[in-house]
Amino acid sequence: MQQRAMFRNMTNEEKIKTEGTTHFGFRDVNEDEKQSLVKGVFDSVADKYDIMNDVMSGGLHRLWKNDLIRDLRPKPGMHLLDVAGGTGDIAFRFLKTAKSRMKEGEAPAKVTICDINANMLAAGRARALDHGNFDHIDWVTGNAEMLPLPDCSVDAYTIAFGIRNVTHIDIALTEAFRVLKPGGRFICLEFSKVDLPLLKQIYDAYSFNLIPYFGEIITGDKDSYQYLVESIRKFPSQEKFKTMIKDAGFKKVTYRNLSGGIVAIHSGWRI
Ligand SMILES: C[S@@+](CC[C@H](N)C(=O)[O-])C[C@H]1O[C@@H](n2cnc3c(N)ncnc32)[C@H](O)[C@@H]1O
């Protein structure tokens, strides 16, 4: 109890340097090891990441990301920070929707994609070049726990399938709060807890047996996809994560489940 109170009173830098343990999938590891293990996962799968997403989810990840964008309501002139933005799926959708709403004389929307993994960003940049999508995007290498952006500098913050990989989720949330302007919106899309017993059984059987197998066939890396499945089980429930978002200072925090809770979208506002 006393230890938890001490932790709460530390600065983010002090918290990042603590030498506790955390989980990497179902394994316990030192906190200072986790980031490089996660980096290894995404280094290994970066060039097959997008194909694997389609295969694993049967294309559902596209619908879930569209849902996030609908909630976000992109507008011309808006500056989005997409953390753990990887190969750019959220950023591309955001810019496309904002552009479709743009009237003459309005400033375009822009997006900063921040990801800790340079290989994921490189795969995203290559996609952007292929699709002629490179205007109004900044690609930044950085850690969600120490965002390389000033206070109160963005209108919205998104993180899709990223936060469960972060070592200190509470710190990432306080960083999200710091960089948002007052009135700014936080939205997180993440795997969550399935709330229907039959669906849970099917989902568990599918994810523990088939996903690592697809990972092996498509990326040659079974272990990274075993980590993915395990990391989903270690992520806090919808309610617990909602409390963590509130603890970081956000107001009007809500969530909604998609596909029976396979994923959830959490939202909060910096007032
Ligand atoms: C599953 S991918 C999600 C990519 C993209 N948002 C999407 O939805 O397709 C997770 C991403 O989180 C990034 N990541 C992991 N830990 C991070 C951290 N501490 N800070 C920033 N990015 C991180 C990884 O490099 C990877 O690109």
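Predicted, not measured: the structure shown is a model, and the values here were computed from it.

Colleague: Pulling in residues and values, what's your account of the sheet that holds strand 9 (residues 263-269)?
Modeller: With mixed pairing, seven strands are arranged side by side in an open sheet as 5-4-3-6-7-9-8. Of all the strands in the sheet, the pair left with one neighbour each is strand 5 (137-141) and strand 8 (251-258). With direction set aside, neighbouring strand axes in the sheet form an average angle of 15°. Here strand 7 (residues 180-191) pairs with strand 9 via seven bridges, running antiparallel. Bridge assignment links F186 to a residue of strand 9, and that residue is G268. Across the sheet, helix 12 (residues 238-247) is in contact with strand 7, strand 8 and strand 9; its angle to strand 8 comes to roughly 155°.

Colleague: Give me the lowdown on the packing of aromatic side chains, citing residues and values where you can.
Modeller: One pass over the full model with this rule turns up 13 aromatic pairs. Note on F26 and F208: the rings are 6.2 Å apart at their centroids and 35° apart in plane angle, and the pair reads as tilted. Note that F26 is positioned in the loop between strand 1 (21-24) and strand 2 (27-30) and F208 in helix 9 (residues 197-209), a separation of 182 residues in sequence. Exposure remark for F26: the relative accessible area of 45% places this residue in the partly exposed category.

Colleague: Run through the nonpolar core, naming residues and quoting values.
Modeller: Core analysis: the biggest nonpolar cluster contains 48 residues, and F94 and L189 have the highest contact counts within it. Counting residues per element, this core draws most heavily on helix 6 (residues 89-100), which supplies six residues. If sequence neighbours within four positions are ignored, L189 has contacts with W64, K65, L68, I159, A160, F161, L258, V263, A264 and I265. Judged by nonpolar contacts, the second largest core, of 26 residues, contains V166, F241, I245 and A248.

Colleague: Quick one: what's the story with the site of the ligand, residue by residue and with numbers?
Modeller: Around the ligand, 20 residues are found, and the nearest of them are A84, D115, N143, A144 and A160. One of the backbone N or O atoms of I116 is found 3.3 Å from a nitrogen atom in the ligand. Protein contact buries 99% of the 600 Å² of open area that the ligand shows by itself. Residue assignment for the shell around the ligand shows that the elements contributing at least two residues are helix 3 (31-45) and helix 4 (49-57). Here the element with the most residues in the shell around the ligand is helix 3; it accounts for three residues. Tallied by class, residues from the shell around the ligand come to ten nonpolar, eight polar and two charged.

What counts, and at which threshold
Residues numbered from 1 in each chain as written. Predicted model: local features only at pLDDT ≥ 70, side-chain atom pairs only at ≥ 80, totals over all residues. Heavy atoms only, no water. Pairing = 2+ DSSP bridges. Helix = DSSP H or I, 4+ residues; strand = E, 2+ residues; numbered from the N terminus. Axes fitted to C-alpha atoms, helices over the stretch in contact; angles between N-to-C directions. Contact = heavy atoms within 4.5 Å. Phe/Tyr/Trp six-rings, centres within 6.5 Å; stacked < 30°, edge-to-face > 60°. Buried < 20%, exposed > 50% of the residue type's maximum accessible area, 1.4 Å probe, protein only. Core = buried A, V, L, I, M, F, W, Y, C linked by side-chain atoms within 4.5 Å. Near = heavy atom within 4 Å. Polar contact = N/O pair within 3.5 Å; in protein donor to acceptor, adjacent residues only side chain to side chain. Areas by Shrake-Rupley, 256 points an atom, 1.4 Å probe, with all protein chains shown as cover. Nonpolar A, V, L, I, M, F, W, Y, C, P; charged D, E, K, R; others polar.

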